[in-house]
Amino acid sequence: MQLDPNNGYSRRKLNLPVVANELQDTFYSNGIKRNVVHVRLNSTGLLLQKRTVPAGNFSKNHQVKISDIIGGRCVRLQRSARFNSTTGCVCTPNAEENDTSQAEDAYLYVFAYILKKNLRNCIRRERTIITLRFRSFDSHEDNLREAEIWYKTLKMHRNNYLMQDNPVSFANFPIRRLLILLNPKSGTGNAKELFREQVVPVLNEAEVLYDMYITKDSKYAFEFIQSRDLSAWSGIAAVGGDGLFHEILNGLLKRSDWKKVVENVSIGIVPCGSGNGLARSIAYCFNEPFDPKPILGAALTIVNGFSATMDLVEIKMGREILYSFLSVGWGLISDIDIESERLRPLGYQRFTIWTLHRLLNLRTYRGRISYIPKTENNSDSGPLSKVATISSSSLQNKWSCNLHTSTLTKNYESNDHISVADFEDLISIETLPDQSFRSQCGSWLSTNSRKSAYYSVAESVYHSIPDISEYNDGNSEKVIYGKENLHKTCMDKKTTTNPLHCSEKWVVEDGEFVMIHAAYQTHLGRDCHFAPHSSLNDGTIHLVIIHGGISRSQLFTFLMNMSSGTHLPTENTDYIKFVRVEAFNLDPHENNGILTVDGERVKNGPLQARIIPGAINVMIPKNTN
């Protein structure tokens, strides 16, 4: 809505629809230069056009994409407002006590997380608040009503964006509500603090309702998901490590109504563990920056709620079945993962320290591995993601700082746009009441502001279990078993005993092994790029076999190159073999060595494993690159 100087702002009437497809108005920045900014809001986001005074022409543009905006807040100005350090809530910027005109103003805060490139040429997301100050009318009610129209239009465009290719989270749930399960002992034991400081602000800014439960012991999440009525939630988020996600997954598949829940509920993860292999894999597959703020990217993922199908691996151990989403390991990597638990307070560094220790004290194990190779004809036959899959060029990047810098930079840099830093003087802007300038209220909300405007969502319920003294430290063996119904639907009904052994395609290797590790995600941990050619739903198990007799120097090189994904040989050697498989059987002789599933220790013994393509829905970033 443009200003009509002939009528004067005191006599203008607000006559706009409650929600419009596009809104536009002229604002003035709070900077010293008093630049004019034309703001346009539509389905693509916010377009800020800066006009220098007195030249009068628009010289710079800045587009804030709707995909980067997570929400907004429409508030009224209170002259006596102060920051509350106890609650962490600020509803308005501070105002000058002698500025009586400010009582008539209204504010719209737009929260966005924009891709920025730092000095190391790494892309990451930075929190940005665009403050629009509405003061075109002499009545606060009129100013607030106009701000609310902008807020409702913004919310409409964001909801339309979220519903694109996103049927799981929104088709049956007009109002999204998340179930959050948090493991307070994940990683270094500060998951609750990380959730409160880095996730809650994003949930509140996006106005996502949630119920949060803190786990009490190692089977709490499994039993919770297995027994509770989940109809009230459109998504489940695990705040912890891969072990917590494993519990949630197997608890879900043991339900009698597992099929209905799997079709209507997506699962997400916020990485607060030591390894965080799944969260790292999801970020890698969909070009989302992970380091140095992995929790921020995951929080944005769960509030948006986009989903894609993910493969599972069905594991049969005797008469019992469990389901895996990350890996099955036996030997060196499993030894490092489990034995380094004693160094858990060191965080991710525990893996590096114990790797060196295990190299100096190298072990080999006798056993048998048999597998069905995946043929070229069906190597890409798995179900397609609901968004674009990984491009071939992205697989060649070796840098762990940001695996897709070139891809992101291509979309981030444009001759038609400028960086947020160039727009710092107009992040807080206001409408013009008349042709004269009034004194302004300087806003502390800016691109580089370290303060955070957290607004509580009244409907959101925070459930906590105060007694966590019974928590199991995870050193004991545990096996969590899923529902056999899924097993039956995926097995060949024509066979009566063991369908896997009926195939003529089996390749069998017997002898001494340093390790056997099967992975179906790109990363086993934050810096362990184990299966670089994998994707969430390629219908493939990536099997790595290292035979005994390999030298320590060769093994050291292999382990060091796992951080960049260059560890796999171009051709199989005498000691290292990499093969894509559909199924495998592992039989440790004399039940020796440590056997892990998704990084969790299980009872040692023979197991059978086969891929289940596209079994569940997981939350992913929206791939807009």
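The structure displayed is predicted, hence computed values, not measured ones.

Student: For this particular structure, what's the right way to read the packing of helix H4 (residues 220-227) against helix H5 (residues 242-253)?
Tutor: Direction vectors running N to C along H4 and H5 enclose 30°, while the axes themselves pass 7 Å from each other. Taken together, the axes of H4 and H5 are roughly parallel relative to one another. As H4 packs across H5, the resulting crossing turns out to be right-handed. Here Tyr220, Ala221, Phe222, Ile225 and Gln226 of H4 lie close against H5, whose contacting residues are Leu244, Glu247, Ile248, Asn250, Gly251 and Leu252.

Student: I keep staring at empty space enclosed by the protein and nothing clicks. Help me out?
Tutor: Picture a little ball the size of a water molecule; that probe, rolled over the atoms, points out where space is still empty. The full count for this structure, using the stated rule, is six cavities of 30 Å³ or more. Looking at the largest cavity, its volume works out to about 120 Å³. Forming the walls of the largest cavity are 15 residues, and the residues nearest its centre are Ala279, Ile282, Gly297, Ala298 and Thr301. At the level of elements, strand S11 (266-271), helix H7 (277-285) and helix H8 (294-304) are the ones that each hand at least two residues to the lining of the largest cavity. Here the lining of the largest cavity gets five residues from one element, more than from any other, and that element is H8. When grouped by side-chain class, the residues that make up the lining of the largest cavity number eleven nonpolar, three polar and one charged.

Student: Any chance you could explain H5 here in plain terms?
Tutor: Residues three or four positions apart in an α-helix share a direction because the helix packs 3.6 residues into each turn. The end-to-end C-alpha separation of H5 is 17 Å, in line with the 16 Å expected for twelve residues at 1.5 Å each. Among the twelve residues that make up H5, twelve are buried, leaving the element largely enclosed by the rest of the structure. Along H5, the residues that are buried comprise Asp242, Gly243, Leu244, Phe245, His246, Glu247, Ile248, Leu249, Asn250, Gly251, Leu252 and Leu253.

Student: Mind showing me how you'd approach the nonpolar core here?
Tutor: Generally speaking, a soluble globular protein has its nonpolar side chains buried in company with each other. Trp150 and Phe530 are the most contacted members of the largest nonpolar core, which totals 94 residues. Considering each element in turn, this core owes the most residues, eight residues, to helix H1 (residues 140-163). If sequence neighbours within four positions are ignored, Trp150 has contacts with Leu23, Gln24, Asp25, Phe27, Val39, Leu41, Leu46, Leu108, Leu132 and Phe134. In this structure, Ile180, Ala206, Met212 and Leu300 belong to the second largest nonpolar core, which totals 34 residues.

Calculation criteria
- Residues numbered from 1 in each chain as written.
- Predicted model: local features only at pLDDT ≥ 70, side-chain atom pairs only at ≥ 80, totals over all residues.
- Heavy atoms only, no water.
- Axes fitted to C-alpha atoms, helices over the stretch in contact; angles between N-to-C directions.
- Helix = DSSP H or I, 4+ residues; strand = E, 2+ residues; numbered from the N terminus.
- Parallel < 35°, antiparallel > 145°, perpendicular 65-115°, else oblique.
- Left-handed = near helix turned anticlockwise from the far one by under 90°.
- Contact = heavy atoms within 4.5 Å.
- 1 Å grid on protein atoms, 1.4 Å probe; cavity = no way out; pocket = protein on both sides within 12 Å on 5 of 7 lines; lining within 4 Å.
- Points joined across faces, edges and corners; volume = space filled by probe spheres on them.
- Nonpolar A, V, L, I, M, F, W, Y, C, P; charged D, E, K, R; others polar.
- Expected span 1.5 Å × (residues − 1).
- Buried < 20%, exposed > 50% of the residue type's maximum accessible area, 1.4 Å probe, protein only.
- Core = buried A, V, L, I, M, F, W, Y, C linked by side-chain atoms within 4.5 Å.

The values reported here are purely geometric and, on their own, carry no functional implication.
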